[in-house]
Amino acid sequence: MLSGWFVVLLSVAYGGLLFAVARFGDARADAGRSIIGANVYALSLAVYCTSWTFFGSVGRATSGGLSFLTIYLGPTLMLLCVGVIVKMIRIAKAQRITSIADFIAARYGKSQLLAGLVTVIAVIGIVPYIALQLKAVAASLDVLFDRSGHAIQLWGVDSTLLVAAVLALFTILFGTRHLDATERHEGMVAAVAFESVVKLLAFVAVGVFVTWGIYDGFADLFRRAAAQPELLRLMQPDPSRAGAWAAMILLSALAIVFLPRQFQVMVVENVDESHLKRAVWLFPLYLLLINIFVLPVALGGLMHFAGQGANPDTFVLTLPLSQGAQALALLVFIGGLSAATGMVIVETIALSTMVCNDLAMPALLRSTWLQRQKRGDLSRLLIGIRRLAIVLILLLGYAYFKAAGEAYALVGIGLISFAAVAQFAPALFGGMYWKQGTRAGALAGLLAGFAVWLYTLLLPSFAKSGWIDSGFVEVGPFAIDWLRAQALFGLDGLDEISHCLWWSLLANLGAYLAVSLATVPDALEASQAERFVDVFRHAQRAPDVRLWRGNASLQELVELLERFLGPARTRQQLAAHARSRGRSDWRELAPDAEFVHFAEAELAAAIGSASARAMVSSVTREEDLGLEEVLDILDEASQVRAYSRELEAKQRALEAATGELRAANAQLRELDRMKDDFISTVTHELRTPLTSIRALSEMLHDDPRLELGERRRFLGIIVGEAERLTRLINQILDLARLESGRAEWTAVAVDVGVVVREAMAALEPLFREKGVRLSGEIAAGLPSVLADRDRLTQVVVNLLSNAVKFVPGGSGEVRVGVACSDGAVRVSVADNGPGLTADECVSVFEKFRQGGNTLTDKPRGTGLGLPISRQIVDYFGGKLWVESAPGAGATFIFTVPLREPDA
């Protein structure tokens, strides 16, 4: 038997553990060693998984089957739009945003009216969601205590109210111990991340127990369920519910951003934008893991408790208890408690901040009492207001639970809140991406959407509980059928959530667009629109001080900061601001526009942007700027940015030109080196035959009585060397003419096969002398090409001469091939020489280049044959290249396109 007091003590002990985690997180933050890394941030987003997920998803799966997944598909899709979230975070940091109400109000001219309206909608809309948590925890206590036979009342107070009181106490301890000007609660975030791990482990544990403890695995469980038609239906998607699925996906996608607690952890508590990179996959993975066993637990509960009337929302508890697994039941209870407390703590902290900043502060600003307390420290008053707001919000949740909560399943209650916060979408997204959106348009849209939500969803929930008359739901007000609350204008057949969502968003978006287009923003609205829409250009720059003109007192501004931040925090922030402006003491600062902006930003982080602006205005004498002046300033800033972009473009062009010059310089150096190599080569080539000619001539001159045979041999050598000199000089002159375009060409119809045979015949003695085998495979009936016959012969001779120089004597082989391919005649000269590397395959066609590394090991020649040959082939529209690998010989190939001579 489970003892009721043991359950209570276990809950208190778990709460103490959470508090210890939070204190540890705050202590590390105060020491400058934050524990909020990417994993903790991603896990804190799992505050989305409340009692709804832990208990309600199973309940929904017992009636709607796979439709429970829509609540988790939406957030996954929204996180893929990471650019939207990054922009939201960037805006929040730049504007010192503290809540979603502050975000919307700051965009539309820091409007207190708009901030108050968003707060009212959020509080009213979230109250049902808080009631859901109270109901879930109370139901789980009922299950545990009933099993042990204990009553669930203490001093005559029911368990739900006790749960609300305990949660209020924990929230106060977690989130309102001090007024943090940054509005970050790193200890709370750490505790929420810890709770996310606990609830995941607990739910997976009960899923494993049901699947493999009560049943024999997934196959056995699903096989038994499939044998029952009513359960088989739950395992299959219902095409007729496609519209409802779409509505639920959209609703949950908006909720992951617009629920106050989600905005708090995702935007306000974000310490590093890069953490989103981890969250975009870790958070969806978390959702997958916590939902794997939802359907198995739902089916297992339906089969196990068939005909017993058990509450599906409590299957995760009743199934372990029915098998006597009390320890597992306690773990599940702690998991459910984690899911509820995490949501309530973060949600009520976010709502209490909004209530304090956007409802209480505007009232205080208009009160005579505050005027009499000019020099008092109001930071403790603000903390007190937030604590009172926490208590009141939880009491409202309890009241809703008593009034209407019993008429809805857990998921149904949560969807009411989802539909409420969806009303923030047009004003917030429109404000981020549309500069023409106005404060009047945002107010009109929110009022229209909220009114539709109130009429079509919230009031019907009270009617369903019997607290108000249900006539407006069943027959419409005054019996007007087309005004039925859940069938507006005759739109019947939709479920109540889808019906409310589409009509409310239609009214909201329509009013927002129509009124925005019909109104003109004031100067501050235009300035804020620029900063929100173009945040990526503005966030890294200081505020434009030209947008504020007036007179201010340094002492009054400092006293104002001390009233709301406290003296210690004020001195700390003033010192940091002074250092940023190059001053050692803040008293040296002038009360100029920049200091006014600083003071307003610091106050905005504590009391919201709308109240901060009102407070700064109360101690300064500001000159109103006209809309045209603001637009002129913004246009000037845009021109400066455009000029800056032009300068950046010119700088990039200059850098590119510099790079090109460097490349050209490197190429010139390479050409200079190649020229030196050429001169060395030519000098060597010229000196060798000249030296031979001179030596032999001197011998003939000095000894006229040489024998006739010896004289003939010397003269033959002299003639040969002279011919060699002639060839060298002719090649140099030929290359010069080709490059200058002064070469003479005679284009006629040429039979390439005949040209190749003649070149082979001319060089046959050279091949025979070296012992190299020369063979040819020339196709018959080749078509003619339009080319210069002598130049083409020069190309073939160059290739054959190169081949015979590089093949080994006695075992060398050169194969010539001529064929027609792809509209051209293709000639190949292949040898079995040493081959070429990949780099050499490119460099051999460069001028003055030839095989070998030094003058001594280079083959005879100038290295101009191949460059000349390539220019000749290029002139006739062909290509010349080499295919080779070290040790595998080389194949030089050129093509000449088939063209008939002009008529």
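Undergrad: Could you clarify how one ought to interpret the overall build of the chain in this entry?
TA: Looking only at helices and strands, the chain has 36 helices and 11 strands in total. Burial analysis of the chain (903 residues in total) assigns 51% to the buried set. At a minimum sequence separation of 6, the contacts of the chain that also span at least 24 residues come to 80%. For the chain, the accessible surface area stands at approximately 39,800 Å², while carbon and sulfur atoms represent 59% of it.

Undergrad: What is the right way to read the packing of aromatic side chains from this model?
TA: Pairs of aromatic rings are described using the distance from one ring centre to the other and the angle between the two planes. Under the counting rule described, the total for this entry stands at 22 aromatic pairs. On the basis of an interplanar angle of 80° and a centroid distance of 5.1 Å, the ring pair of Trp 212 and Phe 218 is categorised as edge-to-face. Residue class for Phe 218 comes out partly exposed when judged on its relative accessible area of 28%. Here the aromatic cluster, defined as three or more aromatic residues joined through ring pairs, consists of Tyr 48, Trp 52, Tyr 72, Tyr 129 and Phe 418. For Arg 107, the ring lying beneath its charged end belongs to Tyr 108, and the centroid distance is 4.6 Å.

Undergrad: Where do I start with the pairing of strand β11 (residues 890-897) in this structure?
TA: For a regular strand, the rule is simple: side chains alternate between the two faces of the sheet. Counting buried positions along β11 yields seven of eight residues, so the element is predominantly enclosed. Here strand β10 (residues 879-884) runs beside β11; their pairing, made up of six bridges, is antiparallel. Its bridge partner being in β11, Lys 879 is matched across the sheet by Thr 895.

Undergrad: Even after reading the chapter, I still don't get helix α5 (residues 82-95), so can you show me in this structure?
TA: Helical periodicity: at 3.6 residues per turn, an α-helix aligns residues three or four positions apart in one direction. The terminal C-alpha atoms of α5 lie 20 Å apart, and with 14 residues this matches the ideal 20 Å at 1.5 Å per residue to within 8%. For α5, the buried fraction is high: 10 of the 14 residues fall into the buried class. Restricting attention to buried positions, one finds in α5 the residues Val 84, Ile 85, Val 86, Lys 87, Met 88, Ile 89, Arg 90, Ile 91, Ala 92 and Gln 95. Positive phi shows up at Arg 96, right after α5, with a value of about 55°.

Undergrad: Looking at this structure, I do not really get the packing of helix α34 (residues 789-806) against helix α36 (residues 865-875). What am I missing?
TA: Each pair of packed helices gets described by two things: the angle between the helix axes and the distance between those axes. Across the interface, α34 lies against α36 with an axial gap of 9 Å and an inter-helix angle of 145°. Here α34 and α36 pass one another in a crossing that is left-handed. Between α34 and α36, the residues in contact are Arg 791, Gln 794, Val 795, Asn 798, Leu 799 and Asn 802 and Gly 865, Leu 866, Ile 868, Ser 869, Ile 872 and Val 873, respectively. For the contact of α34 with α36, a count of residues per class yields six nonpolar, five polar and one charged.

Undergrad: Just checking my understanding: could you explain the nonpolar core for this structure?
TA: Inside soluble globular proteins, nonpolar side chains tend to come together where they are buried. Core analysis: the largest hydrophobic core is formed by 170 residues, its most contacted members being Phe 418 and Phe 424. Here this core takes 19 residues from helix α7 (residues 112-148), the largest share from any one element. When near neighbours in sequence (up to four residues on either side) are disregarded, Phe 424 contacts Ile 100, Ile 104, Val 118, Ile 121, Ala 122, Phe 258 and Leu 446. In terms of nonpolar packing, the next biggest core, distinct from the first, is built from 43 residues, Leu 763, Leu 800, Val 814 and Val 844 among them.

Undergrad: Before we go on, may I ask you to explain the packing of helix α12 (residues 242-258) against helix α24 (residues 496-518) in this structure?
TA: Running from N to C, α12 and α24 cross one another at 60°; their axes reach a closest spacing of 9 Å. Classified by the angle between their axes, α12 and α24 sit oblique to one another. Taken as a pair, α12 and α24 cross one another with a handedness that is left-handed. Across from Gly 243, Ala 244, Ala 247, Met 248, Leu 250, Leu 251 and Leu 254 in α12, the residues of α24 making contact are Ile 497, Ser 498, Leu 501, Trp 502 and Leu 505. Looking at the contact of α12 with α24 residue by residue, the class counts come to 10 nonpolar, two polar and no charged.

Undergrad: Help me out: how do you make sense of the pairing of strand β9 (residues 824-831) in this one?
TA: With seven of eight residues buried, β9 lies mostly within the body of the structure. Here eight bridges tie strand β8 (residues 813-821) to β9, and the two strands are oriented antiparallel to one another. The partner of Gly 817 across the bridge, within β9, is Ser 828. Connecting β8 to the antiparallel partner β9 that follows it, the hairpin turn spans two residues, and Asp 822 within it adopts a positive phi of roughly 50°. By the bridge criterion, eight bridges tie β9 to β11 in an arrangement that is antiparallel. In the strand pairing of β11, Val 825 is matched with Val 896.

Undergrad: It is not clear to me how the confidence of the model for the chain should be interpreted in this structure. Could you clarify?
TA: Note that predicted coordinates carrying low pLDDT should not be read in detail. The pLDDT averaged across the chain works out to 80; a share of 83% of its residues lies at or above 70. Counting contacts from residues 852-859, a segment whose pLDDT is below 50, to residues more than four positions away or on other chains yields 10 contacts.

Undergrad: How should the pattern of salt bridges be read in this particular structure?
TA: Two side chains with opposite charge may pair up if their charged atoms get near one another. What the rule picks out here adds up to 12 salt bridges. Its salt-bridge partner being Arg 439, residue Glu 525 comes within 3.5 Å of it at the nearest N-O pair. Linking Glu 525 in helix α25 (residues 523-533) with Arg 439 in helix α22 (residues 439-464), this pair joins segments that are 86 residues apart in sequence.

Undergrad: I tried to follow the side chain of Asp 220 on my own but got confused; where do I start?
TA: Positionally, Asp 220 belongs in helix α10 (residues 217-226). Judged by relative accessible area, Asp 220 falls into the buried class, the value being 9%. For Asp 220, the side chain forms a polar contact with the main-chain nitrogen of Asp 216, separated by 3.0 Å.

Undergrad: Please clarify how a nonpolar patch on the surface should be interpreted in this entry.
TA: Taken together, the side chains of Trp 281, Leu 285, Leu 288, Leu 289 and Ile 292 present a nonpolar region at the surface, about 450 Å² in accessible area. Within the fold, Leu 285 resides in helix α14 (residues 275-291).

Undergrad: Explain helix α15 (residues 294-304) here, please?
TA: Burial analysis of α15 places nine of its 11 residues in the buried class, the great majority of the element. Here α15 has its buried residues at Val 294, Leu 295, Pro 296, Val 297, Ala 298, Leu 299, Gly 300, Gly 301 and Met 303. Check the buried side of α15 and you find it contacts α3 (51-64), α9 (186-214), α10, α11 (229-232), α14 and α16 (315-322).

Undergrad: Hey, could you run me through the sheet that holds β10 in this one?
TA: The pairing of strands in a sheet happens through backbone hydrogen bonds and is either parallel or antiparallel. An order of β6-β8-β9-β11-β10 is seen for the five strands of this open sheet, with the pairing classed as mixed. Looking along the sheet, the strands with just one partner apiece sit at the ends: β6 (773-778) and β10. Across the sheet, the mean angle from the axis of one strand to that of its neighbour is 15°, orientation sign disregarded. Along the sheet face, helix α33 (residues 752-770) touches β6, β8 and β9 and points at about 170° away from the line of β6. The strands touched by α34 within the sheet are β6, β8, β9 and β11, with β11 carrying the most contacts at an inclination of about 175°.

Undergrad: Mind showing me how you'd approach unusual backbone geometry here?
TA: For residues besides glycine, phi is generally negative; the peptide bonds are generally trans as well. Even without being a glycine, Arg 96 presents a positive backbone phi close to 55°. Relative to the elements of secondary structure, Arg 96 occurs in the loop between α5 and α6 (100-107). Even without being a glycine, Lys 110 presents a positive backbone phi close to 55°.

Cut-offs applied
- Residues numbered from 1 in each chain as written.
- Predicted model: local features only at pLDDT ≥ 70, side-chain atom pairs only at ≥ 80, totals over all residues.
- Heavy atoms only, no water.
- Helix = DSSP H or I, 4+ residues; strand = E, 2+ residues; numbered from the N terminus.
- Buried < 20%, exposed > 50% of the residue type's maximum accessible area, 1.4 Å probe, protein only.
- Contact = heavy atoms within 4.5 Å.
- Areas by Shrake-Rupley, 256 points an atom, 1.4 Å probe, with all protein chains shown as cover.
- Phe/Tyr/Trp six-rings, centres within 6.5 Å; stacked < 30°, edge-to-face > 60°.
- Lys NZ or Arg CZ within 6 Å of the ring centre and 35° of its normal.
- Pairing = 2+ DSSP bridges.
- Expected span 1.5 Å × (residues − 1).
- Axes fitted to C-alpha atoms, helices over the stretch in contact; angles between N-to-C directions.
- Left-handed = near helix turned anticlockwise from the far one by under 90°.
- Nonpolar A, V, L, I, M, F, W, Y, C, P; charged D, E, K, R; others polar.
- Core = buried A, V, L, I, M, F, W, Y, C linked by side-chain atoms within 4.5 Å.
- Parallel < 35°, antiparallel > 145°, perpendicular 65-115°, else oblique.
- pLDDT = per-residue confidence, 0-100.
- Salt bridge = Lys/Arg side-chain N within 4 Å of Asp/Glu carboxyl O.
- Polar contact = N/O pair within 3.5 Å; in protein donor to acceptor, adjacent residues only side chain to side chain.
- Patch = residues over 30% accessible without salt bridge, like charges linked within 9 Å, V, L, I, M, F, W, Y side chains within 5 Å.

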